[in-house]
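# Chains, contacts and geometry: an overview
Given next are the chains, with one letter for each unit.
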Amino acid sequence: MTELELIRPDDWHVHLRDGELLKAVVDHTARQFARAIVMPNLKPPVTTVAAARAYRERILAAVDPALGFTPLMTAYLTDDSDADELERGFRDGVFTAAKLYPAHATTNSAAGVTDIRRLDRVLDRMQSLGMPLLVHGEVVDHSVDVFDREATFIDRVLAPTLERFPGLRVVFEHITTRQAVDFVTNARETVGATITPHHLEFNRNAMFEGGIRPHFYCLPVAKREVHRLALRKAATSGNPKFFLGTDSAPHRVVDKEAACGCAGIWNAPVALESYAKTFEEEGALDKLEAFASLHGPRFYRLPVNGTRVRLSRTSTHVPERYTLAPGDIVPFHAGKQLAWRYAGVVR
Ligand code: DOR
Ligand code: ZN
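Below is a short write-up of the structure. (Residues numbered from 1 in each chain as written. Chains lettered and ligands numbered in written order. Predicted model: local features only at pLDDT ≥ 70, side-chain atom pairs only at ≥ 80, totals over all residues. Heavy atoms only, no water.)

## What about helix H5 (residues 149-164)?
An ideal rise of 1.5 Å per residue puts 22 Å on 16 residues; H5 measures up with 22 Å between its terminal C-alpha atoms. Approximately 40° is the largest bend angle found in H5, and it occurs at Asp 155. Every buried residue of H5 is listed here: Arg 149, Glu 150, Ala 151, Thr 152, Phe 153, Ile 154, Val 157, Leu 158, Thr 161 and Leu 162. Those residues of H5 that are buried lie in contact with strand S5 (95-100), helix H4 (120-129), strand S6 (133-135), strand S7 (170-172), helix H6 (178-186) and strand S8 (191-195). (Helix = DSSP H or I, 4+ residues; strand = E, 2+ residues; numbered from the N terminus. Expected span 1.5 Å × (residues − 1). Bend = angle between axes of the 7 residues up to and from the residue. Buried < 20%, exposed > 50% of the residue type's maximum accessible area, 1.4 Å probe, protein only. Contact = heavy atoms within 4.5 Å.)

Encoded structure:
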């Protein structure tokens, strides 16, 4: 196969940042994806309808309008989140979903939720509205090993919460473990999961290959090979509960290559190329369109995109780094050759 045509995909989990960084990165997402669920972990976080409207305007001002990109905004949940504010944002079409960051779990999560029980009123309202809850699924208990935090979150937080709110629509974001795959597979159809290109491509060894490799560090952190294989099986299975979410999370080189380096992988420049690599290796290129373009809209109850895109089987060299106004950024697959190249919207 030398060409692949797909319904234009969406990215159901992305960090577009703000200010100069937003301007530098947004087109990399917008050229491949028609819509994206935009994470709200700015400083300060996007907690109100007004803040989300203003952020959406900044994104639309930064993106090349010719790319035809629609940002879908999310609310950052805190201990003090107000159910009425969320409902207003959802009904007004400003908030597509709300994001749960356990406090201190990851980048800019200090204002996150300290105990999910504090969200009972909010979750009850979201359940009635059918408003999706997007979950960063890691416990922050320091006695729990960093590689076990996702699996422990399922047992301590996610499973009990879904028992209390069985109708809640939940996206378990950027899953990294066999346990998460099993949990989502066996849950009600109102529970889905996103899978990133990087968690499909490498296991935790990548962070320590010949030395410490900060550009392979993200959260949740990559796990053992057995987990990566479970993710690959889930993504390529055709099961509509699993869909594309890149978790593209750019940080400048100076912020990654530091004594305390930031978590996050900037995969936006090669997102579809990377997914195509995985699906081809799994002999499942025929399943890529459903994962990238159909399962997400179905979960979010949104229309499927009306345009199509093309990938060509052309060897592509990924730059070692991008020189951008705020500073250099190293992309996923830096310096590597990829077999597929995104060739744009079919005219
Ligand atoms: O690696 C990550 N980076 N994981 C997250 O949860 C947040 C993200 C970021 O914002 O940098
Ligand atoms: Zn994320």
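Read on for the rest.
## Observations concerning the sheet that holds strand S1 (residues 3-7)
Consider a sheet: its strands pair through backbone hydrogen bonds, and that pairing is either parallel or antiparallel. If you walk across this open sheet you meet the three strands as S1-S10-S15, and the pairing is antiparallel. Every other strand in the sheet has two partners, leaving S1 and strand S15 (341-345) as the edge strands with one partner each. Neighbour to neighbour, the strand axes of the sheet diverge by 25° on average, direction disregarded. Sheet topology note: the strand S10 (residues 308-312)/S15 ladder contains four bridges and is antiparallel. What sits directly across from Ser 312, in S15, is Arg 341. Set on the sheet, helix H11 (residues 288-300) makes contact with S1 and S10; between it and S1 the angle comes to about 25°. (Pairing = 2+ DSSP bridges. Axes fitted to C-alpha atoms, helices over the stretch in contact; angles between N-to-C directions.)

## Topic: the site of ligand 1
The environment of ligand 1 is made up of 13 residues, and the closest members are Arg 17, Asn 41, Thr 106, Leu 219 and His 251. The separation between an oxygen atom of ligand 1 and a polar side-chain atom of His 136 is 3.3 Å. For ligand 1, the accessible surface in isolation is 290 Å², of which the surrounding protein chains cover 100%. By residue class, the composition of the shell around ligand 1 is four nonpolar, seven polar and two charged. (Near = heavy atom within 4 Å. Polar contact = N/O pair within 3.5 Å; in protein donor to acceptor, adjacent residues only side chain to side chain. Areas by Shrake-Rupley, 256 points an atom, 1.4 Å probe, with all protein chains shown as cover. Nonpolar A, V, L, I, M, F, W, Y, C, P; charged D, E, K, R; others polar.)

## Quick look at the packing of aromatic side chains
Going through the model one piece at a time under the given rule, you end up with ten aromatic pairs. Residues Trp 266 and Tyr 322 carry aromatic rings whose centres are separated by 5.1 Å and whose planes lie at 80° to one another, so their mutual orientation is edge-to-face. Placement of the pair is Trp 266 in the loop between helix H9 (253-256) and helix H10 (271-281) and Tyr 322 in strand S12 (residues 322-324), with a sequence separation of 56 residues. Accessibility expressed as a relative area gives 2% for Trp 266, which makes it buried. On the basis of an interplanar angle of 40° and a centroid distance of 5.3 Å, the ring pair of Phe 279 and Phe 291 is categorised as tilted. A residue pair is termed long-range when its members are at least 10 positions apart, and Phe 279 in helix H10 and Phe 291 in helix H11 qualify at twelve residues. For the residue pair Phe 279 and Phe 291, the accessibility class agrees, reading buried in each case. Taken together, the ring pairs connect Trp 12, Phe 243, Phe 299 and Tyr 300 into an aromatic cluster. Sitting above the plane of the Phe 299 ring, Arg 169 keeps its charged end 4.7 Å from the centroid. One cation-aromatic arrangement involves Arg 204 over Phe 147; the distance from NZ or CZ to the ring centre is 4.5 Å. (Phe/Tyr/Trp six-rings, centres within 6.5 Å; stacked < 30°, edge-to-face > 60°. Lys NZ or Arg CZ within 6 Å of the ring centre and 35° of its normal.)

## Thoughts on the environment of His 251
When you line up the elements, His 251 lands in the loop between strand S9 (242-244) and H9. In this structure the C-alpha to C-alpha distance between His 251 and Trp 266, which are 15 residues apart in sequence, comes to 7.4 Å. In this view, His 251 contacts Arg 17, Thr 107, Lys 256, Cys 262, Ala 263, Gly 264 and Ile 329; residues no more than four positions away in its chain are not counted. Within polar-contact distance, the side chain of His 251 engages the backbone oxygen of Ala 263 at 2.7 Å.

## Let's talk about the pattern of salt bridges
Tallied over the entire structure, the rule returns 24 salt bridges. Residue Glu 87 is joined to Arg 125 by a salt bridge in which the shortest nitrogen-to-oxygen separation is 2.7 Å. Note that Glu 87 is positioned in helix H3 (residues 83-91) and Arg 125 in helix H4, a separation of 38 residues in sequence. You can call Arg 125 partly exposed: its relative accessible area is 22%. Across the salt bridge formed by Arg 252 and Asp 255, the nearest N and O atoms sit 3.0 Å from each other. What emerges from the salt-bridge pattern is a single network uniting Glu 3, Glu 5, Glu 289, Arg 308 and Arg 310. (Salt bridge = Lys/Arg side-chain N within 4 Å of Asp/Glu carboxyl O.)

## Observations regarding the packing of helix H1 (residues 19-30) against helix H2 (residues 49-62)
Relative to each other, H1 and H2 sit at 70°, their axes nearing to 9 Å. Between H1 and H2, the interaxial angle falls into the category roughly perpendicular. Between H1 and H2 lies a crossing of right-handed hand. Here Leu 22, Lys 23, Val 26 and Asp 27 of H1 come into contact with H2, specifically with Arg 58, Ile 59 and Ala 62. Looking at the contact of H1 with H2 residue by residue, the class counts come to four nonpolar, no polar and three charged. (Parallel < 35°, antiparallel > 145°, perpendicular 65-115°, else oblique. Left-handed = near helix turned anticlockwise from the far one by under 90°.)

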